[in-house]
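Here is what each chain is made of, one letter per residue.
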Amino acid sequence: MKQKRPGLRRRRRSRGSFLISLLFFLCFCALLTAGYYSAYKFLTDPHTFPVARVTINAKLQHVTQEEIAQEVGKMVGGKNIVTLDLSALHNALLQMPWVAQVSVNKRFPDTIEVSLVEHFASARWKTSGLYDARTGTVFYPDMRQFHGALVTLSAPHDSLAKELYEHAYQFISLTRNTPYLVEEVHLDAARSYRLRLKGDVWVILGRESSPDLPLIRLKRFLLAFGETHLALSDVAYVDMRYDNGFAVGERSAISDQDEADASGGAQTTVPPVGAQ
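The present account deals with the structure reproduced in this document.

What counts, and at which threshold
- Residues numbered from 1 in each chain as written.
- Predicted model: local features only at pLDDT ≥ 70, side-chain atom pairs only at ≥ 80, totals over all residues.
- Heavy atoms only, no water.
- Helix = DSSP H or I, 4+ residues; strand = E, 2+ residues; numbered from the N terminus.
- Contact = heavy atoms within 4.5 Å.
- Buried < 20%, exposed > 50% of the residue type's maximum accessible area, 1.4 Å probe, protein only.
- Polar contact = N/O pair within 3.5 Å; in protein donor to acceptor, adjacent residues only side chain to side chain.
- Salt bridge = Lys/Arg side-chain N within 4 Å of Asp/Glu carboxyl O.
- Pairing = 2+ DSSP bridges.
- Right-handed = clockwise from strand over helix to strand, strands pointing away.
- Expected span 1.5 Å × (residues − 1).
- Arc of directions from axis to C-beta.
- Axes fitted to C-alpha atoms, helices over the stretch in contact; angles between N-to-C directions.

Observations concerning the side chain of Thr 111
So, step 1. Note on placement: Thr 111 falls in strand 3 (residues 111-118).
So, step 2. Look past the residues within four positions of Thr 111 in its chain and what remains in contact with it is Arg 53, Val 54, Thr 55, Ile 81, Asn 105 and Lys 106.

As for the environment of Asp 142
So, step 1. In this structure, Asp 142 sits in the loop between strand 6 (137-139) and strand 7 (152-154).
So, step 2. Asp 142 sits in the partly exposed class, given a relative accessible area of 34%.
So, step 3. Residues Asp 142 and Pro 97, spaced 45 residues apart in sequence, show a C-alpha to C-alpha distance of 8.2 Å.
So, step 4. Among the polar contacts listed, one links the side chain of Asp 142 to the side chain of Arg 144, at a separation of 3.0 Å.

So, the pattern of salt bridges
So, step 1. Taken as a whole and judged by the stated rule, the model has 9 salt bridges.
So, step 2. The salt bridge involving Glu 183 is made with Arg 196; its shortest N-O contact spans 2.9 Å. Note that Glu 183 is positioned in strand 8 (residues 182-187) and Arg 196 in strand 9 (residues 192-197), a separation of 13 residues in sequence.
So, step 3. The class for Glu 183 is partly exposed, based on a relative accessible area of 27%.
So, step 4. Residue class for Arg 196 comes out buried when judged on its relative accessible area of 18%.
So, step 5. A single network of salt bridges, built from pairs that share partners, joins Glu 183, Glu 184 and Arg 196.

Some points on the pairing of strand 10 (residues 201-207)
So, step 1. Counting buried positions over the 7 residues of strand 10 gives 6, a clear majority of the element.
So, step 2. Note: strand 9 against strand 10, 6 bridges, orientation antiparallel. The residue of strand 10 that forms the bridge with Arg 196 is Trp 202.
So, step 3. Counting the residues in the hairpin turn of strand 9 and strand 10 gives 3 residues, including Gly 199, whose phi is positive at 100 degrees.
So, step 4. Read as a crossover between parallel neighbours, the route from strand 10 over helix 5 (residues 213-224) to strand 11 (residues 235-239) is left-handed.

Let's talk about the pairing of strand 8
So, step 1. Taking burial as the measure, the 6 residues of strand 8 include 5 buried ones, the bulk of the element.
So, step 2. In this structure, strand 7 lies alongside strand 8, joined through 3 bridges in parallel fashion. If you follow Leu 153 over to strand 8, its bridge partner there is Val 185.
So, step 3. Traced from strand 7 through helix 4 (residues 161-175) to strand 8, the parallel crossover comes out left-handed.

Here's the deal with helix 2 (residues 65-76)
So, step 1. Helix length check: helix 2 (12 residues) gives 16 Å between terminal C-alpha atoms against 16 Å at 1.5 Å per residue, within 8%.
So, step 2. Listed as buried for helix 2 are Ile 68, Glu 71, Val 72 and Val 76. Seen from one end, helix 2 has its buried residues packed into an arc of 100 degrees, which puts them on one side. Summarising the geometry of helix 2, the exposed residues directed more than 90 degrees from the buried face are Glu 66, Gln 70 and Lys 74.
So, step 3. If you follow the buried residues of helix 2, they end up packed against strand 1 (53-57), helix 3 (87-94) and strand 3.
So, step 4. One or two positions beyond helix 2, positive phi appears at Gly 78, with a value near 80 degrees.

A closer look at the sheet that holds strand 2 (residues 99-107)
So, step 1. Reading across the sheet, the 3 strands line up as 1-3-2 and stay open at both edges, with mixed pairing between neighbours. Two strands close off the open sheet at either side, each with one partner strand: strand 1 and strand 2. Strand after strand, the sheet turns through a mean of 20 degrees between neighbouring axes, direction not considered.
So, step 2. Sheet topology note: the strand 1/strand 3 ladder contains 5 bridges and is parallel. Bridge pairing links Asn 57 to Ser 115 in strand 3.
So, step 3. Running over the sheet, helix 3 touches strand 2 and strand 3 and is turned about 155 degrees from strand 2.

Okay, structure coming up:
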């Protein structure tokens, strides 16, 4: 009678162990996949971990906590915090006129944290906006709710606001402690600077064809205008765009000219702009 070789029995046992191990591994993978799927389904279910609270970290003057909470509730209230994409909420909060910077984070299991910095109003921008010197941006809040006494800046484009503010700061610093209070700084399309003083008097400084030329002309105005012995209330504008001296438009003369033009159907005269 033939005996089976020992090597053959070992090979059969090895094949059987391999099949058992493979079956065990496949069962383990199936259980792992099912567990992962169940966990994913649980975590992403709209009723699991809903956003229920908001915390706000900010020093607020113009935006209220109620406004922020209302925006958060509208955008993400009741939604699953695990799968929530915060970019839409971040952008929505940045659209609030007084909001300069904002960060939004999740705090499990149900809280949204909002950190916010408001704009700082450094100057008025035309009639409908404000300029923030900290961020170098123009923003447009509801001006009916703003009553701050600030200088007014105006220029053809918002992109000129930073440059105009820097010049306005120099003009205002120069006129501090003088009778001439700067209420408006205007930069026209020809890049000519004009200042409106308290009392509705325009000082025309012209273009910056050489470094600091408008500032030099303003210094000349401060030194020389008092020597004219004219009352500022009688003056409509002072044109400083001359190498020697300056021109003064008296209010009474302009009023008489306006009346004559009106009776003849002509347009009202205004201070000249746009030249050197």
